[in-house]
Amino acid sequence: MNKLFMIIVAASLATGLTSCLKDDEHFVNFAAAGYVAEIPYVANRSILKTVPVSAASASLVAPVDINIASPNPPTQDVPVTVAIDQAALTAYNTTNKTAYTILPATAYQLTNPMVTIASGQRIATVNVNFVGNKVPATGGPYALPISIITVPSNVVISANYHTQILVISLTK
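Here's a quick rundown of the structure. (Residues numbered from 1 in each chain as written. Predicted model: local features only at pLDDT ≥ 70, side-chain atom pairs only at ≥ 80, totals over all residues. Heavy atoms only, no water.)

## Notes on the overall build of the chain
Each helix and strand counted, the chain has 3 helices and 11 strands in total. In the chain, the succession of helices and strands from N to C terminus is α-β-α-β-β-β-α-β-β-β-β-β-β-β. Since a compact globule built from 172 residues should have a radius of gyration of about 16 Å, the 24 Å found for the chain marks it as more spread out than a globular shape. Within the chain, the fraction of its 172 residues that count as buried is 32%. By sequence separation, contacts in the chain at least 24 residues apart represent 79% of the contacts at least 6 residues apart. On the chain, roughly 10,200 Å² of surface is accessible, and the fraction owed to carbon and sulfur atoms is 59%. (Helix = DSSP H or I, 4+ residues; strand = E, 2+ residues; numbered from the N terminus. Rg over C-alpha atoms; globule rule 2.2 N^0.38 Å. Buried < 20%, exposed > 50% of the residue type's maximum accessible area, 1.4 Å probe, protein only. Contact = heavy atoms within 4.5 Å. Areas by Shrake-Rupley, 256 points an atom, 1.4 Å probe, with all protein chains shown as cover.)

Given below as structure tokens:
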């Protein structure tokens, strides 16, 4: 009786495990997904990134990476343009009941708003240069919302990860 019971358990186990292998209805083929432009920091951490800026500094560079998410790296160069996005900051403030204001234009420079992600690569970096001695000590809290605004027609801008908000933390 014990031997018969073991055979039944083994047969049931074998049948149960092999039935999982035939489940193709939930398989998603990402091979034809195309290219999606995103800011990976936002996808992996948070839309907010605190940037400590010394009040005495004349220059601090904060990098913002732009990523092409796809099954395979792009086969041609991908130009991507970013810009300061007041609407994104307003939406964030409304949703999260915060009161960030855009940093005055004299306190930062978007040194390369258009970057090219080279063929075969996935990431390019946009640099934001903060001028600490131009950041107001009063007012605020200050933030700089950077959004991906243009990409080629064969690339989609990520709906969730296209904006990063750099929150300025003024240090002495």
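Once the structure has been displayed, the description carries forward.
## Quick notes on helix α3 (residues 86–96)
Those residues of α3 lying buried are A88, L89, Y92 and N93. End-on, the buried residues of α3 take up no more than an arc of 135 degrees, which puts them together on one face. For α3, the exposed residues lying more than 90 degrees away from the buried face are A87, T94 and T95. Residues of α3 that are buried sit in contact with β2 (48–54), β5 (101–102), β9 (142–150) and β11 (163–171). Of the residues that open α3, the one with a side-chain oxygen 3.2 Å from the backbone nitrogen of A87 is D85. Once α3 ends, the next one or two residues include K97, with phi positive near 55 degrees. (Arc of directions from axis to C-beta. Polar contact = N/O pair within 3.5 Å; in protein donor to acceptor, adjacent residues only side chain to side chain.)

## What to know about the pairing of strand β1 (residues 35–38)
Relative to strand β10 (residues 155–157), β1 is paired through 3 bridges, and the arrangement is parallel. Following the sheet pairing, Y35 is matched in β10 by V155. Here 3 bridges tie β1 to strand β3 (residues 60–69), and the two strands are oriented antiparallel to one another. Bridge pairing in β3 links E38 to N67. (Pairing = 2+ DSSP bridges.)

## Thoughts on the nonpolar core
One finds I66, L103, V128, F130 and L166 to be the most contacted residues of the largest nonpolar core, which totals 31 residues. Once you skip the residues sitting within four places of it in the chain, F130 turns out to touch V51, V53, A58, S59, L60, A62, L103, A107, Y108, L144, L166 and I168. Residues L89, Y100, I165 and V167 belong to the second largest nonpolar core, which totals 6 residues. (Core = buried A, V, L, I, M, F, W, Y, C linked by side-chain atoms within 4.5 Å.)

Bear in mind that shape data such as this cannot, by itself, settle questions of function.
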